[in-house]
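# Architecture at a glance
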Amino acid sequence: MQVLPLVDRFGRVATDLRVSLTDRCNLRCSYCMPPEGLDWMPNEDQLTDDEVVRLIGVAVTRLGVREVRFTGGEPLVRRGLVDIVRQTHAIDPGVELSLTTNALGLARTAEALAEAGLDRVNVSLDSVREDTFTTITRRDRLHDVIDGLAAADAAGLGPVKVNAVLLRGINDDQAPELLRWCLDRGYQLRFIEQMPLDAQHGWSRSTMVTAEETLERLEAAFTLAPAKEPRGSAPAELFTVDGGPATVGVIASVSRPFCGDCDRVRLTADGQVRNCLFARTESDLRSPLRAGATDADLAERWLAAVRPKAPGHGIDDPTFLQPDRPMSAIGG
Ligand code: SAM
Ligand code: SF4
């Protein structure tokens, strides 16, 4: 079958598909959603397991997607997750499959996920102190995350990556401690700048902990040097720690955008294609899918959705407007 790459008007080609499997979550991270949670998507709006797999199939077989990352909300709360992974793996075993998760319940499912064809996990963990973890996530579940990480590692879902967001006055002084904890366990830590994607619109550029500040904090405790491996389209700038081989990453999504090298495209849990996290428009694939569209027709719509992708997120532009949906509903 002829593959038509998902190329946009600036020549960027999307090969990395982020699939949100649900907007629901069992944590309430303060930079993501309010304490009471959100009005979750009605079940009938959400793609069924078969619909998700069909759309991933279109992306892989017709549009050149080579990496699929399952996310949310919290993808582990989606009942059909293991089956969706298995069916996605069957479409093309050469496609890399990963999961971005808060790791609650991962201890129970890591082995089944690995057996179904999942390659790697990225676990979000902002603090290894119980009180700070509970303050940020509003749930006392640090031990579940730690167990989940260990289970993922034991199941071969490595190298296990840990994503952390630093919040001023809450955990920004804990960056070296978190790095030491990850190094001791062989996990690869990456710090991500907080982005204006929270449901409460509480983000502020002036209080955001920048990648530069994060590096300064780490350098007070470790010797960092730029890692030699080429960055390519990967958003993390990697540094060797104390001479290597261990590394730490910083993702300066806001202060040093990497939009020019972006290779991502997103599918929401209700079947909307988003060509950018910060896009203000979406393209509906669920309606045509449910109305009997062919795979060729869905591929054509997907190509049309990617073509007008903006050159950058424009957070620093005075005209910047946060997208209507928060990160948890888009898929982080
Ligand atoms: N629930 C899963 C998790 O937390 O890993 C997957 C979804 S979550 C939205 C994906 C990632 O987005 C997490 O690493 C989380 O820390 C990050 N995130 C959420 N809100 C963010 C924000 N406002 N700025 C930067 N990262 C954010
Ligand atoms: Fe849930 Fe992930 Fe948002 Fe935290 S960051 S509330 S774990 S979706």
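Look a little higher up for the structure.
Quick summary incoming for the structure in this document. Positions within a chain are numbered from 1, following the residues in the order the chain's sequence is written. To label them, take the chains in the order written and letter them from A, then take the ligands in the order written and number them from 1. Where totals are concerned, whole chains, interfaces and linings use all residues; where local detail is concerned, this predicted model gives features only for residues with pLDDT of at least 70, and gives and counts side-chain atom pairs only at 80 or more. Heavy atoms from the whole structure form the basis of all side-chain values; hydrogens and water molecules are not counted.

## What to know about the site of ligand 2
In the vicinity of ligand 2, the contacting residues are Cys25, Leu27, Cys29, Cys32, Met33, Gly73 and Asn102. Each residue gets one of three labels, nonpolar for Ala, Val, Leu, Ile, Met, Phe, Trp, Tyr, Cys and Pro, charged for Asp, Glu, Lys and Arg, and polar for the others, Gly among them. The residue makeup of the shell around ligand 2, split by class, is 5 nonpolar, 2 polar and no charged. Summary of the distance rule: residues count as near a molecule or strand when at least one heavy atom falls within 4 Å of that molecule or strand.

## A short note on the pattern of salt bridges
We define a salt bridge as a contact between a side-chain nitrogen of Lys or Arg and a carboxyl oxygen of Asp or Glu at a distance within 4 Å. Counted under the stated rule, the structure contains 23 salt bridges. With its nearest N and O atoms 2.6 Å apart, the salt bridge here joins Glu177 to Arg129. Here Glu177, found in helix α6 (residues 175–185), pairs with Arg129, found in the loop between β6 (120–124) and α4 (130–137); they are 48 residues apart in sequence, far enough to count as distant. Note on exposure labels: buried denotes an accessible area under 20% of the residue type's maximum, exposed denotes more than 50%, and partly exposed covers the range between, all computed with a 1.4 Å probe on protein chains only. What makes Glu177 partly exposed here is its relative accessible area of 28%. According to the relative accessible area criterion, Arg129 is partly exposed, its value standing at 33%. Through salt bridges with shared partners, a single network forms among Asp270, Arg274, Glu282 and Arg325. Numbering of helices and strands runs from the N terminus; a helix is a DSSP stretch of H or I covering at least four residues, while a strand is a stretch of E covering at least two.

## Focus on the site of ligand 1
Among the 17 residues in the neighbourhood of ligand 1, the closest are listed as Tyr31, Gly73, Glu74, Ser124 and Met195. Whenever two N or O atoms come within 3.5 Å, that pair is a polar contact, provided that in protein one can donate a hydrogen and the other can accept it, and provided that, for residues adjacent in sequence, both atoms are side-chain atoms. Glu74 is positioned such that a nitrogen or oxygen atom in its side chain is 3.1 Å from a nitrogen atom of ligand 1. At the level of secondary structure, the elements contributing two or more residues to the shell around ligand 1 comprise β5 (96–101) and β7 (161–165).

## What about the sheet that holds strand β10 (residues 237–241)?
Pairing is mixed in the open sheet, where 12 strands are placed in the order β9-β10-β11-β8-β7-β6-β5-β4-β3-β12-β13-β14. Every interior strand has two partners, whereas the edge strands, β9 (224–226) and β14 (283–284), have only one. We call two strands paired when DSSP finds no fewer than two bridges between them. With 3 bridges joining them, β9 and β10 adopt antiparallel strand pairing. In the strand pairing of β10, Leu224 is matched with Val241. Here, residues are in contact when the closest pair of their heavy atoms is within 4.5 Å. Every axis corresponds to a line fitted to the C-alpha atoms, with the helix fit spanning only the stretch in contact, and the corresponding angles, defined between N-to-C directions, vary from 0 to 180 degrees. Against the sheet, α6 engages β7, β8 (188–192), β10 and β11 (247–251), with an angle of about 155 degrees to β8. The strands touched by helix α9 (residues 295–306) within the sheet are β3 (16–20), β12 (264–267), β13 (272–274) and β14, with β12 carrying the most contacts at an inclination of about 125 degrees.

## Quick word on unusual backbone geometry
Geometrically, the link from Gly158 to Pro159 is a cis peptide bond, its omega value of -5 degrees lying close to zero. That bond from Gly244 to Pro245 is cis: its omega, 5 degrees, falls within 30 degrees of zero. Within the fold, Pro245 resides in the loop between β10 and β11. Despite not being glycine, Ala103 shows a phi value in the positive range, around 75 degrees. In this structure, Ala103 sits in the loop between β5 and α3 (106–116).

## As for the pairing of β5
Of all 6 residues that make up β5, 5 are buried, and the element is covered over most of its length. In the sheet, strand β4 (residues 67–71) pairs with β5 via 4 bridges, with the strands oriented parallel. From the neighbouring strand, Phe70 faces β5, where its bridge partner is Leu99. Think of it like this: strands point away, you trace from the first strand over the helix to the second, and a clockwise trace means the crossover is right-handed. Between β4 and its parallel partner β5, the chain crosses via helix α2 (residues 81–91), and the hand of that crossover is right-handed. As defined by bridge partners, β5 adjoins β6 across 4 bridges and the pair is classed as parallel. Paired with Thr101 across the two strands is Val123, which belongs to β6. Once you follow β5 into α3 and on to β6, the crossover reads as right-handed.

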